[in-house]
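# Chain and residue survey
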Amino acid sequence: MEILRCENVSKIYGKGETEVRALDKVSFSVDKGEFVSIIGPSGSGKSTLLHILGGVDRPTEGKVFIDGTDIHSLSEDKLAIFRRRQIGLVYQFYNLMPVLNIDENIALPHLLDGRELDKERLDQVVEYLGLTDRRQNLPSQLSGGQQQRVSIGRALYSHPAILLADEPTGNLDRKTGEEIIDLLKESNKVNKQTLILITHDEGLAMQADRVICIEDGRISKNEKVKNIV
Amino acid sequence: MDNKKIIFQVTKTYMKKNKKRTTITFLGILVTVILMTAVFVGKDTVMKYMENAVAADQGRWHLQVYDVDGAVAEQIRALPCIDKAEVSRPLGYSVFAASANPAETPYIELKGYSGEIFKWMNIRLVEGRYPENDRELILSKRAIDEGSDIKPGDRMEVDAFTRYIHAYLSDEEKRVIEEEGKEPGGVMFGPAFSVTHGDTVKAPEHFPFYEENDVFEEIHEPTGLKGTFTVVGIMESPDYESPGQGGYIALTSTGSDVAENEKVNLVLTIDPDTKTDVYKELAKLIDAARTDEERAEIEKTGISYVGKDGIGIPMENGKILSNDMLLTFAAKGQDESFNFLMVFFQAFFIVLITAASLVLIYNVFSMSFKERSRYLGMLSSVGATGSQKRWSVYYEVFSLLLIALPLGIIMGLFVIKGGMELLKPHFSKIISAIASNVISGRSSEIEYRLIINPVNLLFIVMFSILTVWLSALIPALRISKVGPVESIRGNEGGAKLKKKGYRTYLNFMLKGKTERLLANASVERNTHSTKGIIRSITAFIALTLITAFAARSFTDILESKANREQLVPGAAYSSYPYRFSIEDDIQYQKGKEDIASSDEVSGYREMNLNMYTYHIDYDTYTDEYKNALSTTLEKFFPAGMPEWVRSSYMGNGDLFSDPAVNIITFSQEDYNSIAKKAGIDVSGYADEMNVLIYEDIAISTDDFRFGSDGAVKPDYSVYQIKRPLNAKAGDMTELLSYEYDEENDELRDVTIPVRIAGYVSDEDVKEFYTLRGGELWIMVSENTKAKIDEMSGIAAHGIDTKVILFDVNTDDSKLIRRLSQIKDEYGDSAVETAGLISEYTDFKTAVTKIADIVAVCFTILIAIICLMNLYNSVMGRRLARQKELSVLHSMGISRAQRSKMLMLENIRLLIHSVIDSALITAAFVVCLRILLDMRFGHMIFSLPLWQILLTLGISFAGLHIFTAICYREDDNTQIIEQIRMESV
């Protein structure tokens, strides 16, 4: 069952001579519970695509449907509400709130939605991430791996339909990176969450159900992993 | 020496790259220079303007010495402290054939002026020219106004004489004196001049003309001046000419030489650079020329001039006249407290400017510390030394100062010019209201010019450099200590974190108060940027309030000094165009009844004052009052207060050793309204003589003068007392006085018990009067006053002043014509136009008002620096929070949530800042208070309440507006860019 559909999405930065076409008529769709990797060289437009899919940035042209809703037709505030309810974002540099401790960071999207804290769920997530003894620390007091765990915890806490991860292991050593990917995969499987992962690492990409290759803002390949093999 | 070229190059690039921040730093430095210019040039400009205003009103002379002979005149001229000495020569009276009013003004009163006195005395021509020799004269326009047809070019015969009044001694009186040994009576010509029967006395200057009768005759003694004079001009009536005097003023030119045996008046200007007590030097010379008999005669009066050294020199009243206000504004006044105040507050404002500038520049560097440490660390890693890094900061501020200095001085001059243009109408209004000569609207002609002198420019440059250097010092030292590794990593400059972490705001989380959670976390945990913003708001509130408080203290001291023993009518009296007053009580009562019963009167109000008639027992006063009195008196006698002083002023059983009180009588309606305002119910005392007591008394050194027993002239000090009497509302007290027993020709004690209905404050009586002085003010209703008068009989002493202010509803008022027929002993009408009775009743009051305006302007300028600082800090915080905001955006924060979060943050920041600034302001105010108390005694400074409220309002509004500007929606692009780049 299709959860996300991207139709002719283009993103252009600048004007005239300085115009850069980061995405050029990108179209694809993702099924519910599917694990999709997006790979491509630096500057190919992967992160731009992820931000547009996550409703953080708006496309210059084209539409993005999530659960049948054209998310970029929504107002800023409705888009914000959509984002915190439906999307879980995991960044390469974690993007945690520097002034919030681990507990607060994890619960942030849930709290922004005006909902009261589910303390039991929070304890469960913190324990699951192995951060019980650091939960009062600020992000800057944690290692990169720990910060990325918090970032994943934040994405998992409120059960978003889609997890978008932008090179989540790019800033971590191999072992920690593998642990992070395991967490994401587990969440994908156990919670049936759709996972879209951007990565440089082909080996990592091959762990997905499907791989989409982007080059110069265009999809050059979009195939099931078993077909690639 | 380190090569700093590369450092300067990099700093320059950094400055270009961070244009916004560089602009803020530049503006901060620029405003500093503007303020320095305002302090130095502005102060001199305002002082010069005031000097010109005083000169326009009272003349440009500094001192006048009356009746000096040739020898003394020569000695005075030889004094090094005297700049110029001109002669004003009384040449006597002459019959004025062209007078159109011979019944009242049959003469001209001729004076000779030498040199520049025409200019110094503000003699203004209506037509013609000034006299150029001793056979030309100019005549007062009063002669023309009263109907004379004399004009420039006419000639007049002058046969000058001195006027003497001889009072006849009748045969009957002669017999009584001889046979019964009684003293002869006399003829009174007003309160200041009387002639004993049988005597012949020289008439004083400006003496009116009285028709001779069988009681006295006027004798003319020729002075020898005789000849034909040409009228070369008509002048405006000089300020010393009154309508009642017997001769129109005529002025001719005269030489400045003084003959040995003649008596002239010397008009002097003093050397601008002199530090000598000129008044004392003159007093010494005059005293040295006296014979022993003359000196003994003067010593009997007990009047003397006492210098700073405490040595008294006997001096007749009015022998030396000084143009006090002009000397004060020219910084040559005898009263050093004004000069001290000027210097003290000038220094104080410079410190404030430095502080404001210091906080601003420090904040700019502190906010950008992380960025700077990156490029400086990079330079450090390739071998840049601490000194080179320090110089990057100095380069930045001094290169900006180089542009800001000339620009700031020029802009400062424009600010002063603009300020003066804006304030000039206000100044003119004040001056017009109080000045005697410039009243006809000429005050707007008083020109100001910017006083720019090299010394002031040097000070501006010096203090600006010093301020900027001090401001950059701490950031420079901090930056020089940054090591290469930390600065490249960008770890420097951040706040230290708690190792154990931060307690979760579980309460907010459980209750879903996300905005509060975010606001609290941001304020409490991002201490680096929080501190900057708190520092800015604190600086804004504290510096603005300190400036406001200092300015208020300054004007309070000036007011206290200026309005000593004064009663200033308030708004209740300002709208009546006519005033009626006459000393004779019967005529006054008649006039009052006429006004009260006239259909033509649309409204009237009486000012009824009684000064110094009544006393209250010294023992009834509080210790606060007694201590203030004793401390003030002790200042005059460093070697110990003589017993006679103690017993004369501090109660010895004699009435006059008990403090005098002043009584103000109000209509029952006004009395009730004052009581109501003060929250006092007087209805319960309707059957008793009840009084309201004004709660403030200010005892100052200006209230006393001593010239013996080692008395010195102390520095000005004033003690304000809040509760003068040991009696509370509802208590009885006694008014003490002497009654004159006509029958037995003796004084009799009078004791009048009155009930104190309550105490009233300046706010309660402001509508009617502003009251000052060292005596207690007591307010009574007409009924009570009538009872008091009945009980006290004929008062043996004191001064009564009764004035009725009224308005009429017709242009052709019979009442006014009727009242105009009532004349006093000088022939002056009892009714006259009231003029401007406003809050500006005298020049000194006006000065304090102007000082108030200048102080408010200065407070505004200081506030501007602080607001710029606040904007810079808000912007700095906004930039430092880029990551926070981008995360919140990606997590789906709505605009409403973001606004609420920012508002909650602002409230928290404001609470922190208000607490900090309250502590700083309080500490500073206490220090200032101690300093001023040490110098000026104990003053009750009024709280600048509206400034406090306004400052708090502006800080909150400023913080909110700046937040709205710095966090505006279009910044979303930056936030998305931030997320896209995934780096901060």
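What counts, and at which threshold
Residues numbered from 1 in each chain as written. Chains lettered and ligands numbered in written order. Predicted model: local features only at pLDDT ≥ 70, side-chain atom pairs only at ≥ 80, totals over all residues. Helix = DSSP H or I, 4+ residues; strand = E, 2+ residues; numbered from the N terminus. Buried ≥ 20, exposed ≤ 12 C-beta atoms within 10 Å, placed from the backbone. Contact = placed C-beta atoms within 7 Å. Nonpolar A, V, L, I, M, F, W, Y, C, P; charged D, E, K, R; others polar. Axes fitted to C-alpha atoms, helices over the stretch in contact; angles between N-to-C directions. Left-handed = near helix turned anticlockwise from the far one by under 90°. Pairing = 2+ DSSP bridges. Arc of directions from axis to C-beta. Core = buried A, V, L, I, M, F, W, Y, C linked by C-beta atoms within 7 Å. Parallel < 35°, antiparallel > 145°, perpendicular 65-115°, else oblique. pLDDT = per-residue confidence, 0-100.

## Some remarks on the overall build of chain A
- Scanning chain A for helices and strands turns up eight helices and ten strands.
- For chain A, with 229 residues in total, the buried portion stands at 50%.
- For chain A, the proportion of contacts with a sequence separation of at least 24, taken over those separated by at least 6, is 68%.

## What to know about the overall build of chain B
- The number of helices and strands found in chain B is 29 helices and 28 strands.
- Within chain B, buried positions represent 41% of all 984 residues.

## Focus: the interface of chain A and chain B
- Taken together, the contact between chain A and chain B spans 38 residues of the former and 34 residues of the latter.
- At the level of secondary structure, the elements contributing two or more residues to the side of chain A that touches chain B comprise α1 (46-53), α2 (76-86) and α3 (102-112) of chain A.
- Element by element, the count of residues in the side of chain A that touches chain B is highest for α3(A), at seven residues.
- Taken together, the residues of the side of chain A that touches chain B sort by class into 18 nonpolar, eleven polar and nine charged.

## Regarding unusual backbone geometry
- You will see that A:E167, though not glycine, has its phi angle at about 45°, which is positive.
- Mapped onto the fold, A:E167 is located in the loop between β7 (162-166) and α6 (174-190).
- On the neighbour-count criterion, A:E167 (22 C-beta atoms within 10 Å) is buried.
- For B:N122, which is not a glycine, the phi torsion comes out positive at approximately 60°.
- Positionally, B:N122 belongs in the loop between α4 (117-120) and β4 (125-128).

## Here we look at the packing of helix α2 (residues 19-58) of chain B against helix α13 (residues 454-480) of chain B
Residues and elements named next belong to chain B.
- In the contact formed by α2 and α13, the axes pass within 9 Å of each other and the chain directions differ by 150°. At the point where α2 passes α13, the crossing takes the right-handed sense. Of α13, the residues touching α2 (which contributes I29, T32, V33, M36, T37, F40, V41 and D44) are N456, F459, I460, F463, S464, T467 and V468.
- Here the residues of the contact of α2 with α13 are counted per class, giving nine nonpolar, five polar and one charged.

## Describing the sheet that holds strand β1 (residues 2-13) of chain A
Residues and elements named next belong to chain A.
- Read from one edge of the open sheet, four strands run β2-β1-β4-β5, paired in antiparallel fashion. Edge positions in the open sheet fall to β2 (20-31) and β5 (69-70), since each of these has one partner strand only.
- Packed onto the sheet, α1 meets β1, β2 and β4 (61-66) and runs at close to 125° relative to β1.

## Looking at the sheet that holds strand β10 (residues 218-224) of chain A
All names here are of chain A.
- As summarised here, the arrangement of the six strands in space is β6-β7-β8-β3-β9-β10, forming an open sheet in which the pairing is mixed. At either end of the open sheet lies a strand with only one pairing partner, and these are β6 (87-90) and β10. For this sheet the average axis-to-axis angle between neighbouring strands, irrespective of direction, equals 15°.
- The pairing of β6 with β7 spans four bridges and is classified as parallel. Considered in β7, the bridge of I87 is made with I162.

## Regarding helix α4 (residues 119-129) of chain A
All names here are of chain A.
- Taken together, the buried positions of α4 are L122, V125, V126 and L129. The buried residues of α4 all sit within an arc of 95° when viewed along its axis, so they share a single face. Facing away from the buried side of α4 by over 90 degrees, the exposed positions are E120 and E127.
- One or two residues past the end of α4 sits G130, with phi positive at roughly 75°.

## A word on the nonpolar core
Residues and elements named next belong to chain B.
- Judged by nonpolar contacts, the single largest core of 212 residues is most densely connected at A356, L543, M779 and C866.
- The greatest single-element share of this core, amounting to 16 residues, is contributed by helix α17 (residues 527-562).
- Residues within four places of L543 in sequence aside, it is in contact with L352, A355, A356, I862 and C866.
- Grouped together as the second largest cluster of nonpolar side chains are 48 residues, V65, F229, V231 and V264 included.

## Details of the pairing of strand β21 (residues 697-700) of chain B
Residue and element names in this part refer to chain B.
- Residues I697 and I699 point to one face of β21 and A698 and S700 to the other, with burial holding for every one of them.
- Where β21 lies against strand β22 (residues 718-721), four bridges are found, and the strand directions are antiparallel. Paired with A698 across the two strands is Q720, which belongs to β22.

## Here we look at the pairing of strand β6 (residues 155-167) of chain B
Residue and element names in this part refer to chain B.
- Here β6 pairs with strand β10 (residues 216-235) via twelve bridges, running antiparallel. Note that in β10 the partner of V158 across the bridge is G227.
- Alignment of β6 against strand β9 (residues 200-202), held across three bridges, turns out to be antiparallel. Its bridge partner lying in β9, I165 is registered against V201.

## Re the packing of helix α5 (residues 144-157) of chain A against α6(A)
Residues and elements named next belong to chain A.
- Where α5 meets α6, the closest approach of the two axes is 10 Å, and the angle between their N-to-C directions is 10°. Relative to α6, the element α5 is oriented roughly parallel. On α6, the residues that touch G145, Q148, I152 and L156 of α5 are T176, I180, L183, L184 and S187.
- Residues belonging to the contact of α5 with α6 are distributed by class as follows: five nonpolar, four polar and no charged.

## Some points on the confidence of the model for chain A
- Looking at chain A, the pLDDT average stands at 86 and 99% of residues meet or exceed 70.
- When mean pLDDT is taken per element in chain A, β4(A) scores highest with 93 and helix α8 (residues 225-228) of chain A scores lowest with 69.

## Observations regarding α2(A)
- When α2(A) is considered as a whole, its buried residues turn out to be A:A80, A:R83, A:R84 and A:Q86.
- Looking at the buried positions of α2(A), the neighbouring elements they touch are β4, β6, α3 and β7 of chain A.

## Let's talk about the environment of B:I350
All names here are of chain B.
- As for its position among the elements, I350 is in helix α10 (residues 336-367).
- As for I350 and T32, which are separated by 318 residues in sequence, their C-alpha atoms are 9.6 Å apart.
- Discounting chain neighbours no more than four positions away, the residues touching I350 are V39 and F463.

## Brief notes about the environment of A:L131
- Mapped onto the elements, A:L131 comes out in the loop between α4 and α5.
- If near-sequence neighbours (up to four positions away) are discounted, A:L131 is found in contact with A:I102, A:V126, A:Q146, A:R149 and A:V150.

## Considerations on the environment of B:H166
Residues and elements named next belong to chain B.
- Relative to the helices and strands, H166 is located in strand β6.
- The sequence separation of H166 and T200 amounts to 34 residues, and the corresponding C-alpha distance is 4.1 Å.
- When sequence neighbours within four positions are dropped, the list of residues in contact with H166 reads T200, F216, E217 and I219.

## Let's talk about the confidence of the model for chain B
All names here are of chain B.
- Per-residue confidence for chain B averages 81 on the pLDDT scale, and 87% of its residues sit at or above 70.
- Taken as a whole, residues 436-441 scores under 50 in pLDDT and shows 13 contacts with residues more than four places along the chain or in a different chain.
- With pLDDT under 50 throughout, residues 836-840 is counted as low confidence; its partners more than four residues away or in other chains account for 14 contacts.
- Reported for the predicted complex are a pTM of 0.65 and an ipTM of 0.81.

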